[in-house]
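# Structure at a glance
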Amino acid sequence: MEQRKAYIVLNMIEGLGPVSVRRLIDCLGSPKAILEADRETLMEARGVGEKLALKILVQRDSIDAFEEIDKAADAGARIITPVDDEYPEALKAIHDPPLALYIKGRLLPADVKAIGIVGSRSTSHYGLNAADRLAYQLGQTGFTVVSGLARGADTAAHNGALKSDGRTIAVLGGALDCLYPPENAELADKISKQGAVISEYCMGRQADRMTFPYRNRIISGLSMGVLLIESAVKGGSMHTMEAATEQGRTVFALPGRIDTPGARGPHLLIKNGAKLVERLDDILEEYEFLIPPSELDAPESETAARPDVPLNEQESKIVEALWQEPMDADSLARETGMKSHELSGLLLGLEMKRVIRTLPGRMVELADDLRQMK
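Residues numbered from 1 in each chain as written. Predicted model: local features only at pLDDT ≥ 70, side-chain atom pairs only at ≥ 80, totals over all residues. Heavy atoms only, no water.

### Focus: the overall build of the protein
Scanning the protein from N- to C-terminus turns up 19 helices and twelve strands. For 374 residues, the compact-globule formula gives about 21 Å, and the C-alpha radius of gyration of the protein, at 23 Å, lands near that figure. Along the first, second and third principal axes, the C-alpha set of the protein runs to 80 × 40 × 40 Å. Counting all 374 residues of the protein, 54% fall into the buried class. Taking contacts inside the protein between residues at least 6 apart in sequence as the whole, the part at least 24 apart equals 70%. Total accessible area on the protein is roughly 17,400 Å²; 51% of this is exposed by carbon and sulfur atoms. Of note, the protein has its 44 positive side-chain charges centred 4 Å away from the centre of its 56 negative side-chain charges. (Helix = DSSP H or I, 4+ residues; strand = E, 2+ residues; numbered from the N terminus. Rg over C-alpha atoms; globule rule 2.2 N^0.38 Å. Buried < 20%, exposed > 50% of the residue type's maximum accessible area, 1.4 Å probe, protein only. Contact = heavy atoms within 4.5 Å. Areas by Shrake-Rupley, 256 points an atom, 1.4 Å probe, with all protein chains shown as cover. Lys, Arg positive; Asp, Glu negative; His and termini not counted. Charge placed at Lys NZ, Arg CZ, Asp CG, Glu CD.)

### Some points on the pairing of strand β3 (residues 114–118)
Of all the five residues making up β3, five are buried; the element is thus mostly covered by neighbouring parts of the structure. Across three bridges, the pairing between β3 and strand β4 (residues 144–147) is parallel. Bridge assignment links A114 to a residue of β4, and that residue is T144. Note that the unit made of β3, helix α8 (residues 125–140) and β4 has a crossover that is right-handed. Where β3 meets strand β7 (residues 225–228), four bridges bridge the pair, whose relative direction is parallel. Bridged to I115 within β7 is G225. (Pairing = 2+ DSSP bridges. Right-handed = clockwise from strand over helix to strand, strands pointing away.)

### Some details on the pattern of salt bridges
Counted according to the given criterion, the structure contains 19 salt bridges. A salt bridge links E50 to R39; the nearest nitrogen and oxygen atoms lie 3.4 Å apart. One end of the pair, E50, is in helix α5 (residues 50–60); the other, R39, is in helix α4 (residues 39–42), and eleven residues separate them in sequence. Residue E89 pairs with K92 through a salt bridge whose shortest N-O separation is 3.3 Å. Remark: K92 and E89 occur in helix α7 (residues 89–92); sequence separation between them is three residues, near one turn of the helix. Assessed through its relative accessible area of 34%, K92 is described here as partly exposed. Bridged by salt links that share partners, the residues R39, E40 and E50 form one connected network. (Salt bridge = Lys/Arg side-chain N within 4 Å of Asp/Glu carboxyl O.)

### Some thoughts on the side chain of T240
Considering the arrangement of structural elements, one finds T240 in helix α12 (residues 237–246). The class of T240 is buried, set by a relative accessible area of 2%. A polar side-chain atom of T240 sits 3.4 Å from a polar atom in the side chain of N216. Apart from residues no more than four positions distant in its own chain, T240 is found in contact with V118, N216, I219, S220 and V226. (Polar contact = N/O pair within 3.5 Å; in protein donor to acceptor, adjacent residues only side chain to side chain.)

Have a look at this one:
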């Protein structure tokens with residue numbers, strides 16, 4: 001308990017990060033020793049100057065680890081540190097592993113087989129559909145989907161994994177009791193029951209522009225590879241992809257329309273060697289030598305499956321029109337005798353049900369599993 005308590009205290013000291021703590025441990029021998037050292041001893045560690053040493057000295061005695069543990073418990077969470085068995089081995093191997101993780105839910109050994117999915121908060125309908133579909137299929141195949149609970153692509157990825165009855169992990173950019181965005185509170189609750197919601201930030205820490213980029217290294221650190229759905233070239237999700245590259249994770253990217261701003265980030269990654277992802281197999285084949293086929297929870301023929309959904313008369317007419325071949329939206333409107341605005345609403349609903357998908361050039365086609373049945 002002494003070392004756990006020390007890690008929790010160190011994590012709560014403002015201005016002290018994982019890299020400095022690691023250097024201090026290398027120099028002094030343990031987290032507990034940091035809390036007992038004097039100023040001169042602290043300054044013996046590489047990169048720890050007088051300013052940081054004073055921060056440690058001033059703050060360490062006023063922090064109560066047991067009080068923090070109780071606060072986490074009141075929020076339905078617990079705190080783990082690198083000395084705990086539940087702490088992910090993958091995170092221990094990164095350059096700056098979190099000193100503590102606040103967890104609502106459970107982390108399991110099976111989560112070592114994880115794929116991160118991230119993207120813009122303003123992801124297009126095409127991107128949302130892709131994130132939902134790929135997360136659903138990954139969940140069916142036994143992968144844990146890791147994302148950041150943000151609006152847009154993150155939300156779609158978590159929901160897709162949940163619908164598959166698979167596991168998903170949400171990494172927050174603030175404390176567990178300062179959930180952001182607030183409208184995802186219900187989603188976070190579902191995730192905690194089917195995976196885990198985690199944060200490295202102490203209770204009461206609000207998310208801000210600094211915390212979001214810093215948490216991204218945890219998303220990539222927990223994952224074997226990370227898929228970018230949509231992002232501007234300088235979008236926040238690109239920070240996650242940079243972390244993935246630095247950590248030696250596989251970088252995946254979803255291609256998009258060349259006239260879509262959100263496609264610029266993925267296209268830049270693809271130009272620089274990221275693996276282009278059009279379907280689930282593009283991800284699975286990257287790990288065929290690491291994950292024997294016998295370990296996959298669902299055969300390939302089942303990974304494209306989706307729950308049966310009822311179709312109304314108009315939706316059925318659209319599916320029948322697309323049964324022979326894909327067509328553009330204007331042709332589909334003429335074929336079905338529907339007005340453009342009416343058709344657009346129906347196509348949106350069918351895409352959310354994973355019955356169809358929209359392609360560049362306003363082309364529409366049936367989902368993979370339906371096309372295979374033709």
